[in-house]
Amino acid sequence: MYPELEKEIATYERRTPKSAEAHKKNLKRIPLGVASNYRAYDPYPIFVKDAGGSKFRDLDGNEYIDHNLTFGALMAGHCHPAVMKAAEKRLSTGTMFGMPHDMEWELAEEVCTRFPVEMCRFGNSGTEVTMHAVRMARAATGRDKILKFEGAYHGLHDAALVSVKPHAPEFGDINAPTSVPGGLGVPKASIDNVTIATFNDLNSVEHRFKQFSGQIAAIILEPILMNVGLCMPEPGFLQGLRDIADKNGALLIFDEVKTGAKLGWAGASEYFGVKPDMICLAKSIGGGLPLAAFGASRAVMDLISQHKVFHGGTYNTNPVSMAAGLATFRHVLTRENYAHVDKLSKKLTEGYRKIVAKTGIQGYIASAGANGALMLFPKEIRNYRDWTTIDTDLWRYYWFAMVNRGVMAQPYWWDEQWTISVQHTDADIDKHLAAFDDVAPTLAKVQQERVGKEPVMAGH
Ligand SMILES: Cc1ncc(COP(=O)(O)O)c(C=O)c1O
């Protein structure tokens, strides 16, 4: 560690003693002291007391402008009044039935009107719906293999937990990356059924379809790779995938767990003009409650109607989440709110760009819809391997220094990005930019001093 980072971490520790204490207690009973590995980082994570609108407070009473927003799941912001009103009303009329009710067709209509699918089923998390989408694709094609991209995250089931954060010695050929399990416990048989290609590289995809001719059920991808900061698809890449999938009788699955609600009114297919066969939605569609959906054409979804593919779940369409989802579609994810967020996003992005240029930071700002990120790379990254060259200790200075100035600029971890909610204001963006203006000169200086030092291998 270098002195500037040490100083920011010491300030962090001085400001957040109650979080340190709470983490110690958690550690006794909960591995890593957190409920999801993504929440664990050194020296300890901030523990939250409460939140509202665009802000949250930690246990010590420090207030932060929140651009973490639950890893991008809160385009609504905290406790959006319309969502709260709808959910609260439902809390006293039965929180779950395990039987159908009349909000289901309403929300299905909302989903099918907005996204290019004819039918959908609901679930509770992104992991769940990408798992079901993969199974549906396998059933629809009678094939077992799935093609995913190196570095892409689609949740925690066996088919998804492959080559999420592989390390350089395991990479293999960039045209045919090795399938690397994302931890122990993923069966070899599962890994063998997940073939990996390189994002923004159609040749690597073609290569896989030749190598496994007639065996690949689907290409699954995030239309914008968001597990590496923010990596845009190059022009023609998504259409190229569409064409390859069609040519080979495979399905194209857009994992829009993040992009679905945050890129724009109708997600990535509208934004990029490419239509997938299946779509997975979660996170921000629930407005703060657990809600997810997967959808496709009637022909594909009929596999469920015909009892060929099994789908179920005790908590599916619980009325509290459904009420929150309906309020979110109708009162949060509106054209007016997208215009508001776009305006703030432009202001934040342009503000960052000016400060980056002024201070000489080697980096750029990637931005799309409600999301953006300070990318500490000399040139734009195209794929996961480019991203692994990030100087993670430099990034840590940025994050801790911003947090110490009352701005959680994004979730902890250098593979994440900021989210702007519909409840953020011009004043929030001004404060965010003022904090970055204060932090940037030291960031630039440290970066220059660290040039030539070995980059630290990125990963959790
Ligand atoms: C693109 C993508 N897919 C799937 C998931 C998994 O969602 P969940 O954490 O709700 O299981 C995530 C979560 O970060 C995600 O970003």
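Note that the structure is a prediction, hence the values are computed from the model and not measured. (Residues numbered from 1 in each chain as written. Predicted model: local features only at pLDDT ≥ 70, side-chain atom pairs only at ≥ 80, totals over all residues.)

J.: Explain the overall build of the protein to me, using residue names and the numbers behind them.
T.: Scanning the protein from terminus to terminus reveals 17 helices and 14 strands. Looking at the 460 residues of the protein, the share that counts as buried comes to 49%. Restricting the contact set of the protein to residue pairs at least 6 apart, pairs at least 24 apart contribute 75%. (Helix = DSSP H or I, 4+ residues; strand = E, 2+ residues; numbered from the N terminus. Buried ≥ 20, exposed ≤ 12 C-beta atoms within 10 Å, placed from the backbone. Contact = placed C-beta atoms within 7 Å.)

J.: Before we move on, can you summarise the sheet that holds strand β11 (residues 364–368) with the specific residues and values?
T.: Here three strands make up an open sheet; going across it, the order is β11-β12-β14 and the pairing antiparallel. Among the strands making up the open sheet, the edge pair consists of β11 and β14 (418–419). Looking at chain direction, strand β12 (residues 371–375) and β14 are connected through two bridges and run antiparallel. By the bridge assignment, G372 is partnered in β14 with W418. In the packing of helix α14 (residues 335–359) onto the sheet, contacts are made with β11 and β12, and the angle to β11 comes to roughly 170°. (Pairing = 2+ DSSP bridges. Axes fitted to C-alpha atoms, helices over the stretch in contact; angles between N-to-C directions.)

J.: Help me get a handle on the site of the ligand, residues and values and all.
T.: Neighbouring the ligand are 13 residues, the closest being S125, G126, T127, G155 and V257. No other element matches the three residues that helix α6 (residues 126–141) contributes to the shell around the ligand. A class-by-class count of the residues in the shell around the ligand yields four nonpolar, six polar and three charged. (Near = placed C-beta within 6 Å. Nonpolar A, V, L, I, M, F, W, Y, C, P; charged D, E, K, R; others polar.)

J.: Before we move on, can you summarise the sheet that holds strand β3 (residues 63–66) with the specific residues and values?
T.: Strand order in this open sheet of four strands is β1-β2-β3-β13, and the pairing throughout is mixed. If you trace the sheet from one side to the other, it starts and ends with β1 (48–52) and β13 (407–408), each paired once. Where β3 and β13 come together, two bridges link them in parallel fashion. By the bridge assignment for β13, I65 is matched with V407.

J.: Go over the pairing of β1, please, and point to the residues and values.
T.: Looking at chain direction, β1 and strand β2 (residues 55–58) are connected through four bridges and run antiparallel. Bridging from a neighbouring strand, G52 pairs with K55 of β2. Counting the residues in the hairpin turn of β1 and β2 gives two residues, including G53, whose phi is positive at 60°.

J.: Can you tell me about the packing of helix α5 (residues 104–114) against helix α13 (residues 319–332), naming the residues and giving the values?
T.: Across the interface, α5 lies against α13 with an axial gap of 10 Å and an inter-helix angle of 35°. By crossing handedness, the relation of α5 to α13 is classed as left-handed. Contact residues: α5 offers E104, E106, L107 and E110, while α13 offers M322, G325, L326 and F329. Across the contact of α5 with α13, the residue classes tally to four nonpolar, one polar and three charged. (Left-handed = near helix turned anticlockwise from the far one by under 90°.)

J.: Explain the environment of V164 to me, and be specific about the residues and the numbers.
T.: Take V164: it is sitting in the loop between β5 (145–149) and α7 (188–192). Each residue touching V164, except ones within four places of it in the same chain, is listed here: G151, Y153 and G182.

J.: Now, about the pairing of strand β9 (residues 278–281): what can you tell me, with residues and values included?
T.: Neither face of β9 is left uncovered, since the one carrying M278 and C280 and the one carrying I279 and L281 both have all their residues buried. Where strand β8 (residues 251–255) meets β9, three bridges bridge the pair, whose relative direction is parallel. Looking at β9, one finds that D255 is bridged to C280. Both β9 and strand β10 (residues 292–296) contribute to a ladder of four bridges, which runs antiparallel. The residue of β10 that forms the bridge with M278 is A296.

J.: Residues and numbers for the nonpolar core, please.
T.: Counting 134 residues, the largest nonpolar core has A137, A218, I219, L251, I253 and M278 as its most contacted members. With nine residues, the top contributor of residues to this core is helix α16 (residues 392–404). Residue contributions to this core reach at least three from each of two domains, namely domain 1 (3–75 + 334–450) and domain 2 (82–332). Those residues in contact with A137, other than ones at most four positions away along the chain, are A217, A218, L251, I253 and M278. (Core = buried A, V, L, I, M, F, W, Y, C linked by C-beta atoms within 7 Å. Domains from an automatic or database assignment.)

J.: Talk me through the domain arrangement of the protein; I want residue IDs and the actual numbers.
T.: In many analyses, interface size is given as the accessible surface area lost on bringing the parts together. Along its sequence, the protein is carved into domain 1 (3–75 + 334–450) and domain 2 (82–332). The C-alpha centroid of domain 2 is placed 26 Å from the C-alpha centroid of domain 1. Contacts between domain 1 and domain 2 engage 27 residues on the former and 29 residues on the latter. Looking at the side of domain 1 that touches domain 2, the elements that each hand over two or more residues are α14, β11, β12 and α15 (384–387). Among the elements that make up the side of domain 1 that touches domain 2, the one with the highest residue count is β12 (four residues). In the side of domain 1 that touches domain 2, the residues fall into 13 nonpolar, 10 polar and four charged.

J.: So, the environment of E8: which residues are in play, and what are the values?
T.: Tracing the backbone through its elements, the reader meets E8 in helix α1 (residues 3–15). When the 22 C-beta atoms within 10 Å are taken as the criterion, E8 is described as buried. Once the C-alpha coordinates of E8 and R382 are considered, the two residues, 374 residues apart in sequence, prove to be 31 Å apart. When near neighbours in sequence (up to four residues on either side) are disregarded, E8 contacts Y397, F400, A401 and N404.

J.: Hey, could you go over helix α8 (residues 202–211) for me, with residue numbers and the actual values?
T.: For α8, the full list of buried residues reads S204, V205, R208 and F209. Mapping the buried residues of α8 onto a view down its axis gives an arc of 140°, with all of them on the same face. Facing away from the buried side of α8 by over 90 degrees, the exposed positions are N203, K210 and Q211. Buried positions along α8 lie against β5, β6 (194–197), β7 (216–221) and α9 (237–247). (Arc of directions from axis to C-beta.)

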